[in-house]
Structures are given as C-alpha cells and as structure tokens.
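Structural overview
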Amino acid sequence: MPTPPRPLARAGYLHVPDDQGGAAARGWWDAHAAEYLDEHGAFLGDAFRWGPEGLTEDEAGLLGDVRGARVLEVGAGAAQCSRWLAARGARTVATDVSGAMLRASRRGGGPAAPTVPVLQADARSLPFAAASFDVVFTSYGAIPFVPDAARVHAEAARVLRPGGRWVFSVTHPVRWAFPDDPSVRGLTADRSYFDRRPYAEEDDTGRVVYAEYHRTLGDHVREVAAAGLRLRDVVEPEWPAWNTQTWGGWSPERGAHLPGTAVFVTTKD
C-alpha cells in the first residue's frame, strides 16, 4: 500500500536543492496519476495533443512522416501520443519516470489500440544506444520537471540519428510572469519573467514533493543549441473556438490574450 502524502507546509516560487527538485517528479506523478487521468483523460483521449489548447499532431505535422520511423517519446505519461503514432505506422517506444503513469498506459486506447512498448526511465539518462531513433519528442513531459533540462536535450540528440528530429512542448515562457489563474486575474503580470526560481511544494518535513521549472525563451534556445541541435520552428498555438475547457491556468479567457504553450521543433545535423 502506498504511503499517504504528508501535509504541505510551504508552496510558491522557492529556492530548492537541485537534487531534491529533480527527484520529486517520480513520486508526485506516481501519487497523482489516477487523479490526473480522471480529470484530463477524456480531453486527451487517444489523440496526440501538443498542449491544453488542443492542437493535434494531425493538424500540425511537426514530426513529419512517421510511417516506418523509429520514434521515442519521453515523459510519455499514459502514452496516448505514442499509441496515436503507432496506429499510423510508426515504431514507437514510450518512456516515463513514473511507473504509475506507464501502468495506466496499459489500460488506455481500448482493445483495438496498438500495443506500445513502455519503459520506466529518466529522460536525462536514456537506456538506448546512440543514433537509435528517427524522431524523439515529448508533449509537456520531462523538461518542466527537472532543473537540468540541458541533459534532456543532450540525451535526445545522442539517441537521434543524423537528420533526426527532436520536438518538445512546454508552458510558454511568458506565462511564468502571470499568476496561474484562468480568470481575468490571470491577465495581469505579478512577477518578473526573469525570476527563474521554480514553483515548488514542500511537505512538513521540508522535503520537496513537487517542482516545476521556468526557462525563458532564450534559455530554451541556448540549451537546444548547446546540445548541437538546430532550431527549425517555434509554434505558439492559438486558443481555438471549439475548446471551452479550463485546465489549471489555461482557459478560453486567458487563451484569447496570452500564449499558453510553446512547441520547439529541432533537428540534428
């Protein structure tokens, strides 16, 4: 039986030790996998969505033609995106740091859905040989939850074949200057865009139980370049009229004024 979480004692934009912040994701997602999928599973379905706005890979085509391609998803959660790709002819592997999320992937997609191999792994240390994949991607996985995202980019570059593509979506950096509020109150900046302290939560023992990291647009570009990758595009999905849902700080009201997601498309020369 899992140990019940301890009461939270502190939450906000905090200075936390990198080792604690980087290790918190596994426990948090293990504890909250069922809750997350109950809340968002219907919206995610078995589509491939790049973010809460609802932009799909079918619409955007950011990964290119995946038929017959070897594709790796990191931070896969319940592997909805990988199943979508497998149904279109990709040879996919899904990894995530959370065993609970990967177990949920076994129950997703229904009896007709393709089976996707899953592996529990940290995106900063992938258990694959160099040049193993044609495409590596993540939709809101891994990068926001580690203090050293440069290692995620370096690993993606390592396992990519020359000419391969690394695509990742994250909370749009501009959003970090605004409160995480889906109402009109979330349209007024209340902190510095350049404040890189993570949002973190600590329990009553002082242990970091959740950490999410902010990087400016320039930070993302520099980390991609340092990994030897070439930036091809940055996609900022607009909020579509059909999407009436509220997801955390994302909502139609805010989406009409502020970008919520940034998708970076890179290639390995």
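Source: prediction; values computed, not measured.

1. Looking at the overall build of the protein chain
The helix and strand inventory of the protein chain stands at 7 helices and 10 strands. Relative to a compact globule of 269 residues, whose C-alpha radius of gyration would be 18 Å, the protein chain shows 18 Å and is just as compact. Expressed along its principal axes, the backbone C-alpha trace of the protein chain runs to roughly 50 × 45 × 40 Å. The proportion of buried residues among the 269 residues of the protein chain is 53%. Here the analysis covers contacts within the protein chain between residues at least 6 apart in sequence; of these, 72% occur between residues at least 24 apart. Entry remark: accessible area of the protein chain is about 12400 Å², with carbon and sulfur atoms responsible for 53%. Across the protein chain, the 29 positively charged side chains and the 34 negatively charged ones have centroids separated by 6 Å.

2. With respect to the nonpolar core
Of all hydrophobic cores here, the largest spans 24 residues; its most connected members are Leu72, Val136 and Trp166. Within the residue set of this core, elements represented by two or more residues are β5 (133-139), α5 (149-159), β6 (160-171) and β10 (261-268). In terms of residue count, the dominant contributor to this core is α5 (5 residues). In this structure, Leu63, Val71, Trp84 and Val135 belong to the second largest nonpolar core, which totals 18 residues.

3. Structural notes on the sheet that holds strand β2 (residues 70-73)
The strand order across the open sheet formed by 7 strands is β4-β3-β2-β5-β6-β10-β9, and the pairing between neighbours is mixed. The sheet is open, and its two edges are formed by β4 (118-120) and β9 (229-235), each paired on a single side. On average, each strand axis in the sheet is tilted by 20° relative to the strand beside it, whichever way the strands run. Here strand β3 (residues 91-96) runs beside β4; their pairing, made up of 3 bridges, is parallel. Counted as the bridge partner of Thr95 is Leu119 from β4. Packed on one face of the sheet, α5 meets β2, β5, β6, β9 and β10 and runs near 150° to β6.

4. Considerations on the side chain of Asp181
Assignment of secondary structure puts Asp181 in the loop between β6 and β7 (199-203). A polar atom in the side chain of Asp181 sits 2.7 Å from the side chain of Ser183. Apart from the residues lying within four places of it in its own chain, the contact partners of Asp181 are Gly186, Gly249 and Arg254.

Parameters at a glance
- Residues numbered from 1 in each chain as written.
- Predicted model: local features only at pLDDT ≥ 70, side-chain atom pairs only at ≥ 80, totals over all residues.
- Heavy atoms only, no water.
- Helix = DSSP H or I, 4+ residues; strand = E, 2+ residues; numbered from the N terminus.
- Rg over C-alpha atoms; globule rule 2.2 N^0.38 Å.
- Buried < 20%, exposed > 50% of the residue type's maximum accessible area, 1.4 Å probe, protein only.
- Contact = heavy atoms within 4.5 Å.
- Areas by Shrake-Rupley, 256 points an atom, 1.4 Å probe, with all protein chains shown as cover.
- Lys, Arg positive; Asp, Glu negative; His and termini not counted.
- Charge placed at Lys NZ, Arg CZ, Asp CG, Glu CD.
- Core = buried A, V, L, I, M, F, W, Y, C linked by side-chain atoms within 4.5 Å.
- Pairing = 2+ DSSP bridges.
- Axes fitted to C-alpha atoms, helices over the stretch in contact; angles between N-to-C directions.
- Polar contact = N/O pair within 3.5 Å; in protein donor to acceptor, adjacent residues only side chain to side chain.

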